[in-house]
Amino acid sequence: MLKGKNLIEPLDFTTEELEKLFVLSNKIMDKPLDFSECCKGDILATLFYEPSTRTRFSFETAMLRLGGQVIGFSGENASSAAKGESIADTLKAIGCYADIAVIRHPKEGSALVASKNAGIPVINGGDGGHQHPTQTLTDLLTIKREKGRLANLRVGFCGDLLFGRTVHSLIRALSRYEGIEFILISPEELKVPEFVRNDILRGKDCKYCEVTDMLDVLPQLDILYMTRVQRERFFNEEDYIRLKDSYILDEEKMLLAPKDMIVMHPLPRVNEISVEVDTDPRAKYFVQVKNGMYVRMALIMSLLGKK
Amino acid sequence: MEVNSIENGIVIDHIRAGLGRKILSYMNIESGDTVALIMNATSKKHARKDIIKIENIREFDLAALAVLDHTATVNVIKQGKIVEKINLDLPEKVVDVLRCKNPRCVTSVEPAIPQIFHLVSPETVEYRCEYCDEIIKP
């Protein structure tokens, strides 16, 4: 039962609970109109202290498609945070208005603070460079639908693995499945943080290797998960400029990839995947976007205890 | 250097040299307490050690002491004799003892949030910030 729970990090749900969520997502995908009044009378609060289009629209669309309504703000200046209000106080107030809330905040651990104070289910919509569990749900659902399994996969993560919260969350979630091999492709400066290595080592029969060259490992992958080098995570603009073009996936590189490999990306992309790759049937990043909306519908329904 | 023995109180011995002052700050010392902080004393266990002696101590945070230096030893003194030796076990969870050093952690901008850490590895004495997962060695 997920009713009343929070989703702050990927391991908040068991693999069995995830499986139920994916089954519900697939049902909604098959017959969306059957679910169009499931959340009638419920209100989702979207608290976006950091700019976002995709995640916010995905949540808002999910709630609207379930027949619910949405309140919220986007940008720190649009909230009382600009007056110096704490996250705890904001969430205590929001808990009086809404039935469920999603928060995105630039500081790591902010969603946990929110969940301890809201009194309603809270979903982490991204807390700084830390975790982004609903992107993880999206990614897992996409892998499950495209590869037919969540175990025994060789998954390459490429780009900014230091600040890429979607990478951290997905690694943590996949570590619970058997036979996952992580190939971590990044420049030295953007390698995964120590806690992510610990997540892998605690996992079920998981292995990892860290490399700097994408071409060497591309032919071995089941999944290539590309990421953007994020300007907003750098304190130093010079470092960003030096590293931003480290890895660019184009048609020529895709010739080296297995025919059944899939390319994923949490989006938005800048230039790390050339647009020419978009028409390759292995490119699944826009499929992810659609899956994301359906899995968020399933998530909202489950946390609110709707059937 | 000679420091008088105490009649009733505690002696924290074998503190790693340099940590005595920090540990003392967690000891709920009140203005009337008799306290001795001995720094850089010679030691068989370490090359140098700090020692704290507190007369008539009421309560203190063993968890905080264990996190700061779990190799220290605590002797409870009554009527001039050691009546109890306390071994320091690393606590699984500590609140407001350690501070997260990650500038991106929510605790860096919201001072009212309690600083909560969980023990990751007793072998390496590593703690994880509850909020941002940053690993620190006290």
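The numbers attached to residues start from 1 for each chain and follow its sequence in the written order. Naming scheme: in the order in which they are written, chains are lettered from A and ligands are numbered from 1. Totals for whole chains, interfaces and linings use every residue, but because this is a predicted model, local features are given only for residues with pLDDT of at least 70 and side-chain atom pairs only at 80 or more, for both listing and counting. With hydrogens and water set aside, each side-chain value is computed from the structure's full complement of heavy atoms.

Q: Would you mind showing me how to read the sheet that holds strand β3 (residues 100–105) of chain A here?
A: All names here are of chain A. For two strands to pair, DSSP has to find at least two bridges joining them. Secondary structure elements are taken from DSSP: a helix is a run of H or I of four residues or more, a strand is a run of E of two residues or more, and numbering for both begins at the N terminus. With parallel pairing, four strands are arranged side by side in an open sheet as β2-β1-β3-β4. Taken across any chain shown, the strands that pair with only one partner, and hence form the sheet edges, are β2 (69–74) and β4 (122–127). Between one strand and the next, the sheet's axes are offset by a mean angle of 10°, whatever the strand orientation. Here helix α4 (residues 110–118) sits on the sheet and contacts β3 and β4; the angle it forms with β4, its principal contact strand, is near 160°. Fitting a line to C-alpha atoms yields each axis, with helices limited to the stretch in contact; the angle taken between N-to-C directions then spans 0 to 180 degrees. We call two residues contacting when some pair of their heavy atoms lies within 4.5 Å.

Q: Just checking my understanding: could you explain the packing of aromatic side chains for this structure?
A: To describe a pair of aromatic rings, one takes the distance between the centres and the angle between the planes. Residue and element names in this part refer to chain A. Planes of paired rings set the category: under 30 degrees apart is stacked, over 60 is edge-to-face and the rest tilted, where pairs are Phe, Tyr or Trp rings (Trp by its six-membered ring) whose centres lie within 6.5 Å. The tally for this structure, following the rule as stated, stands at four aromatic pairs over all chains. Centre to centre, the rings of Tyr49 and Phe73 are 5.1 Å apart; their planes meet at 90°, and the pair counts as edge-to-face. Highlighted residues: Tyr49 in the loop between β1 (43–48) and α2 (54–65) and Phe73 in strand β2, separated in sequence by 24 residues. Phe73 shares its class with Tyr49; the two are buried. Here, a charge over a ring means that NZ of Lys or CZ of Arg falls within 6 Å of the ring centre while also lying within 35 degrees of the ring normal. The ring of Phe59 is capped by Arg296, whose NZ or CZ atom sits 5.0 Å from the centre of that ring. Each residue gets one of three labels from its accessible area relative to the maximum for its type: buried under 20%, exposed over 50%, partly exposed in between, using a 1.4 Å probe on protein chains only.

Q: Any chance you could explain the sheet that holds strand β2 (residues 34–42) of chain B here in plain terms?
A: Note on sheets: strands pair through backbone hydrogen bonds, and any given pair is parallel or antiparallel. All names here are of chain B. Strand order across the open sheet formed by five strands is β2-β3-β1-β4-β5, with antiparallel pairing between neighbours. Both edges of this open sheet fall to β2 and β5 (81–86), since each of them pairs with a single strand only. Strand-to-strand twist across the sheet, computed as the mean angle between neighbouring axes with direction ignored, equals 20°. Sheet topology note: the β2/strand β3 (residues 48–55) ladder contains seven bridges and is antiparallel. Bridging across to β3, Val35 finds its partner in Ile54.

Q: Any chance you could explain helix α1 (residues 15–30) of chain A here in plain terms?
A: An α-helical segment advances 3.6 residues per turn. Residues three or four places apart therefore align on the same side. All names here are of chain A. End to end, α1 covers 23 Å across 16 residues, agreeing with the expected 22 Å (1.5 Å per residue, within 8%). Looking only at α1, the buried set comprises Glu17, Leu18, Leu21, Phe22, Leu24, Ser25, Ile28 and Met29. For α1, the buried positions fall inside an angular range of 165° around the axis, keeping them on one side. Structural note: α1 exposes Glu16, Lys20 and Asp30 on the side pointing more than 90 degrees away from its buried face. Buried residues along α1 sit in contact with α5 (133–147) and α11 (285–303). In this scheme, a helix's expected span is set at 1.5 Å multiplied by one less than its residue total. Think of the arc as the fan of directions from the helix axis to the C-beta atoms.

Q: Explanation requested: the interface of chain A and chain B in the structure shown.
A: When the parts of a complex come together, some accessible area is lost, and that lost area is often used as the size of the interface. At the interface, 19 residues of chain A touch 15 residues of chain B. The rule for a salt bridge is simple: a side-chain nitrogen of Lys or Arg has to be within 4 Å of a carboxyl oxygen of Asp or Glu. At the junction of chain A with chain B, the criterion picks out two salt bridges. Within 3.5 Å is the distance limit for a polar contact, defined as a pair of N or O atoms, with the added protein rule that one can donate a hydrogen and the other accept it, and that residues adjacent in sequence qualify only through two side-chain atoms. Where chain A touches chain B, the interface holds nine residue pairs in polar contact (both at pLDDT 80 or more). Counting only elements with at least two residues in the side of chain A that touches chain B, the list comes to α3 (87–97), α4 and α7 (194–202) of chain A. Considering each element in turn, the side of chain A that touches chain B owes the most residues, four residues, to α4(A). Residues that form the side of chain A that touches chain B fall into these classes: eight nonpolar, six polar and five charged. Amino acid classes used here: Ala, Val, Leu, Ile, Met, Phe, Trp, Tyr, Cys and Pro are nonpolar; Asp, Glu, Lys and Arg are charged; the rest, including Gly, are polar.

Note that every value here comes from positions in space, so none of it alone points to a role or purpose.
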